[in-house]
Amino acid sequence: MEIGILGLPSSGKSTLFEIMTGVKSAEKYGEKCVPGLATVPDERFSKLVDIFQPVKVSPAQIRFIDVNAQGKNSWDVIRQTLSSADGLLHIVDGFTAKTAKDCAASYRKLEDELILSDLMIIEKRLEKLLKMPKNVIKPQDISQTDILTRARAHLEEGKPLRTLNLSDDQVFSLRSFSFWTIRPELICVNLREDRLSMIDAFLEKVAPEAPTIGICGLVEAELADLSLEDQKEYLASMGIEEAAFPKIIRQAFSLLNRISFFTVGQDEVKAWVIPAQTKAPKAAAAIHKDFERGFIKAEVCAYEDFIASGKTIAATKSAGKLRLEGKEYIVKDGDIITFRFNV
Ligand SMILES: Nc1nc2c(ncn2[C@@H]2O[C@H](COP(=O)(O)OP(=O)(O)OP(=O)(O)O)[C@@H](O)[C@H]2O)c(=O)[nH]1
Ligand SMILES: [Mg+2]
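Here is what the cut-offs are and how they apply
Residues numbered from 1 in each chain as written. Chains lettered and ligands numbered in written order. Predicted model: local features only at pLDDT ≥ 70, side-chain atom pairs only at ≥ 80, totals over all residues. Helix = DSSP H or I, 4+ residues; strand = E, 2+ residues; numbered from the N terminus. Buried ≥ 20, exposed ≤ 12 C-beta atoms within 10 Å, placed from the backbone. Contact = placed C-beta atoms within 7 Å. Near = placed C-beta within 6 Å. Nonpolar A, V, L, I, M, F, W, Y, C, P; charged D, E, K, R; others polar. Axes fitted to C-alpha atoms, helices over the stretch in contact; angles between N-to-C directions. Left-handed = near helix turned anticlockwise from the far one by under 90°. Pairing = 2+ DSSP bridges. Parallel < 35°, antiparallel > 145°, perpendicular 65-115°, else oblique.

**Student:** For this particular structure, what's the right way to read the overall build of the chain?
**Tutor:** When helices and strands are counted, the chain shows 14 helices and 12 strands. Taken along its principal axes, the extent of the C-alpha atoms in the chain is 65 × 60 × 35 Å. A buried classification covers 33% of the 343 residues belonging to the chain. Considering only contacts in the chain between residues 6 or more positions apart, those separated by 24 or more positions represent 68%.

Rendered as structure tokens:
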């Protein structure tokens, strides 16, 4: 799972990126896209590590990419670099904005830039399609012309492509364009610590189509140096319920329709991130391609059942909570799985 961080200049992108990944983006000044891995916070995973005391601990990780864009053309370069990003995290500067109106305007400014950038790609492609001699036009060119014409009209109304009513097949047929606005987006308003309530006015003004969360980047940066206990106390004193990072991850998971399952043992406890509704053999492929090919069965128990049954696989089995699932089994969030395969 990969998420591209976008935002206007100096909106706090690199600050948040560093908090999440530990990578100092500023030291790589000049690079247009800086990648970093963020560990997914998950209490269930920490508990499993406590129980198994494994040699190797492998929590789920998400790749974030910090983007440094300047000028109109750079959007095209970055579009290509980010073509594999599953979703976008749009950071809005709410800490220098004087009012919610300013904040809404800077949100809109970037959205418009992305819409314009998509529009230019479509114009170019349509121009080419319309110039094609009749005898070389293929049926898929005709259907693409149709879809792109609809998409152009939608963008011209200032709306992102993700709100255009397209079938999954149509979206798939457009994948090579790597459109910005077709991808799921999470909006994150970076607020001043004394003006956290500005998020409400922002939401009222913008009514964005995408899920939106308010965070306070500076508070988050200070948290990094504190123990877990002190973090909780500090957040409570600021009137903040929860640190931003877990909130962002949770939202990104639901936005991109991801879940995680676990593999456990004394050698390694590992969390895997897969799309929701994934069948067992495909989930096995996340571990190794051969596991999918040679898939026989999956031994599965729900995390909650494992804990309730006595915290060992044997006890879970005795309690009748360990299931043997076949190829059609759809993996659920929190499943603990051992794959049986034959290669
Ligand atoms: N007051 C305040 N300042 C912040 C916050 N987050 C970032 N800043 C400051 O804003 C400036 C820009 O932050 P960056 O994280 O570098 O922003 P950026 O979006 O990566 O900037 P560019 O990559 O240059 O476009 C820095 O001086 C930060 O210290 C915040 O939450 N509150
Ligand atoms: Mg930056």
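Next comes the rest of the write-up.
**Student:** Just checking my understanding: could you explain the site of ligand 1 for this structure?
**Tutor:** Within the structure, ligand 1 sits among 14 residues, and Gly12, Lys13, Ser14, Thr15 and Gly217 are positioned closest to it. Among the secondary structure elements, those contributing two or more residues to the shell around ligand 1 are helix H1 (13-21) and helix H8 (217-223). No other element matches H1, which puts 3 residues into the shell around ligand 1. Of the residues belonging to the shell around ligand 1, the class tally is 4 nonpolar, 9 polar and 1 charged.

**Student:** Explain the packing of helix H4 (residues 100-131) against helix H5 (residues 139-156) to me, please; I cannot follow it from the model alone.
**Tutor:** Relative placement of two packed helices is described by the angle separating their axes and the distance separating the axes. Two numbers describe how H4 lies on H5: the axes approach to 10 Å, and their chain directions differ by 145°. By crossing handedness, the relation of H4 to H5 is classed as left-handed. On the side of H4, the interface is formed by Ile115, Asp118, Leu119, Ile122, Arg125, Leu126 and Leu129, while H5 contributes Asp141, Gln144, Thr145, Leu148, Thr149, Ala151, Arg152 and Leu155. The class makeup of the residues in the contact of H4 with H5 is 8 nonpolar, 3 polar and 4 charged.

**Student:** Can you help me understand the sheet that holds strand S6 (residues 185-191) in this one?
**Tutor:** Strand order in the open sheet formed by 6 strands is S2-S4-S1-S5-S6-S7, with mixed pairing between adjacent strands. Only two strands of the sheet have a single partner each, and these edge strands are strand S2 (33-39) and strand S7 (212-215). In this sheet, adjacent strand axes meet at a mean angle of 25° when their direction is disregarded. In this fold H4 packs onto strand S1 (2-7), strand S5 (87-94) and S6, with an angle of close to 145° to the strand it touches most, S5.

**Student:** Would you explain the packing of H4 against helix H7 (residues 198-206) in this entry?
**Tutor:** Contact geometry of H4 with H7 gives a least axis separation of 9 Å together with a crossing angle of 55°. Put simply, H4 runs oblique to H7. Here the hand of the crossing between H4 and H7 comes out right-handed. Counted together, Ala100, Lys101, Cys103, Ala104 and Tyr107 of H4 and Met198, Ala201, Phe202, Lys205 and Val206 of H7 form the full contact between these two elements. Classifying every residue of the contact of H4 with H7 gives 8 nonpolar, no polar and 2 charged.

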